[in-house]
Amino acid sequence: MPIPLVIDTDTAADDCFALLLGLLDPRADLKAITIVAGNVGFAQQVDNAFLTLELAGRLGDVPVHAGAHVPLVSEWVGATEVHGLDGVGGQRRTNAEPASEEHAVDALVRLARRHAGELTIVAIGPLTNIALAVRRDPAFAANVRELVVMGGSLNGRGNVTPAAEYNIFVDPEAANIVVSAGFPSLRFVTWDPLTIASTVFGPERIAQIEALDTPLSRFFVRANRATFAFDHAAGLGGSTHPDSLSVAIALAPELTRRERPYRVAVELRGEHTRGATVFDWRADAVPNATAIEEVDSAAFFTLMRDLLAQRPHVRRGPEVQPGSGGFARV
Ligand code: RIB
Ligand code: CA
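Just so we're clear, the structure is a prediction, and the values are computed from it rather than from any experiment.

Some remarks on unusual backbone geometry
Cis geometry is adopted by the peptide bond preceding Pro193, which originates at Asp192 and carries an omega value of 10°. Mapped onto the secondary structure, Pro193 falls in helix H9 (residues 191-198). Located in the positive-phi region is Ala13, a residue other than glycine, with phi close to 50°. Structurally, Ala13 is set in the loop between strand E1 (3-9) and helix H1 (14-24). Although it is not a glycine, Asn155 sits at a positive phi angle of roughly 55°.

Regarding the coordination of the calcium ion (ligand 2)
Coordination of the calcium ion (ligand 2) by the protein is provided by Asp10 (OD), Asp15 (OD), Asp15 (OD), Ile124 (O) and Asp243 (OD), with metal-donor distances spanning 2.2 to 2.7 Å. When the donors of the calcium ion (ligand 2) are listed by position in the chain, the intervening gaps give D-x4-D-x108-I-x118-D. Within this pair, whereas Asp15 is found in helix H1, its partner Ile124 is found in the loop between strand E4 (119-123) and helix H5 (128-136), the two being separated by 109 residues in sequence.

Some details on the nonpolar core
Leu20, Leu21, Ile33, Val64, Phe201, Phe219 and Phe220 are the most contacted members of the largest nonpolar core, which totals 62 residues. Excluding residues within four positions of it along the chain, Phe201 makes contact with Ile206, Ile209, Phe220, Phe228, Gly238, Ser239, His241, Phe300, Phe301 and Met304. Counting residues in hydrophobic clusters, the runner-up holds 36 residues, among them Ala32, Leu108, Ala131 and Phe140.

Points about helix H13 (residues 297-308)
Between the first and last C-alpha of H13 there are 17 Å, a value that for 12 residues agrees with the 16 Å anticipated at 1.5 Å per step. For H13, every residue scored as buried is listed here: Ser297, Phe300, Phe301, Leu303, Met304, Leu307 and Leu308. Around the axis of H13, the buried residues are gathered within 155° of arc, so they sit on the same side. Summarising the contacts, the buried residues of H13 are in contact with H1, H9, helix H10 (203-212), helix H11 (215-233), helix H12 (242-251) and strand E9 (289-295).

Examining empty space enclosed by the protein
Within this structure, the stated rule accounts for 1 cavity of 30 Å³ or more. In this model, the largest cavity occupies a volume close to 40 Å³. If you go around the largest cavity, the residues you meet are Gln44, Asp47, Asn48, Leu51, Gln91, Arg92, Arg93, Val320, Gln321 and Pro322. Per-class residue counts for the lining of the largest cavity are 3 nonpolar, 4 polar and 3 charged.

Description of the site of ligand 1
Every residue lining ligand 1 is accounted for by Asp10, Asp15, Asn39, His83, Ile124, Met150, Asn159, Glu165, Tyr166, Asn167 and Asp243. Within the side chain of Asp243, an N or O atom sits 2.7 Å from an oxygen atom of ligand 1. With the chains in place, 94% of the 280 Å² that ligand 1 exposes on its own is no longer accessible.

Procedures and definitions
Residues numbered from 1 in each chain as written. Chains lettered and ligands numbered in written order. Predicted model: local features only at pLDDT ≥ 70, side-chain atom pairs only at ≥ 80, totals over all residues. Heavy atoms only, no water. Helix = DSSP H or I, 4+ residues; strand = E, 2+ residues; numbered from the N terminus. Donors = N, O, S within 2.8 Å, 3.2 Å for Na, K, Ca; no water. Core = buried A, V, L, I, M, F, W, Y, C linked by side-chain atoms within 4.5 Å. Buried < 20%, exposed > 50% of the residue type's maximum accessible area, 1.4 Å probe, protein only. Contact = heavy atoms within 4.5 Å. Expected span 1.5 Å × (residues − 1). Arc of directions from axis to C-beta. 1 Å grid on protein atoms, 1.4 Å probe; cavity = no way out; pocket = protein on both sides within 12 Å on 5 of 7 lines; lining within 4 Å. Points joined across faces, edges and corners; volume = space filled by probe spheres on them. Nonpolar A, V, L, I, M, F, W, Y, C, P; charged D, E, K, R; others polar. Near = heavy atom within 4 Å. Polar contact = N/O pair within 3.5 Å; in protein donor to acceptor, adjacent residues only side chain to side chain. Areas by Shrake-Rupley, 256 points an atom, 1.4 Å probe, with all protein chains shown as cover.

In structure tokens, the structure reads:
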């Protein structure tokens, strides 16, 4: 039975590949895509979501809801230096589908109620929308079966500062609300160690994807180019794919080899450590989350390669200029 799923995303590069998994894997019943301020300009993120829907042949099947345009307290900090100005290597949607009139936070609360105890949410951007949903509905957290968060580091290195990973760094207050909300299952896919150890696609893996020569593999290679260059220059050996892994873990439990409970706290005040995640393992720490510590990296790559080998039936028209695709002003 496909799992009811919502992906909350700051749609750029690997976020798009994660959406493809949610749109095309038979184990997923993607109910909505909710957009949060993150990687690139907000209107561009909405366009990127519709481009991904179009390439997956799912345009009109899954609504896109615009959410928070700014973090709760911090100024928005983008990641265009990592993913390029548009996050998709200059590729453009050819549809002018508008985003839903329903705000992302309202959609999250509504879907959690409608699918109480069954809904999986995979949050692959800053946690602003999720935190606002917690504040909007006291029952929201309890209604969600599982929240998988791409974010933080397990007492390891950050990627925006030495201490903080991007999704948490952008909105630490939101992350603090989320770890304190009492989600029945809150699972972290961290930057360090998990992402940098198990999600890197180096030149050989990229070559395998390129050799598929399908519309999805060509989309991947072009949208991934900026991230590959940035991550490779940072010494990671290739492009990182934590967002895709987060959706894959939600859909394919067999990928997870080791997962442990922790008490997770988010640093809000440190001059050098704001946005850091502290994972307390001590015996007297009362767990509020788990961290996935080891996955089957080879099986994850095979899953992504097989996904990109698919040839969904796609209707494309003339390209739409960035940011002009109508979406509800919220
Ligand atoms: O730190 C990695 C996260 O930030 C991913 O979600 C990726 O989209 C980047 O922006
Ligand atoms: Ca992301």
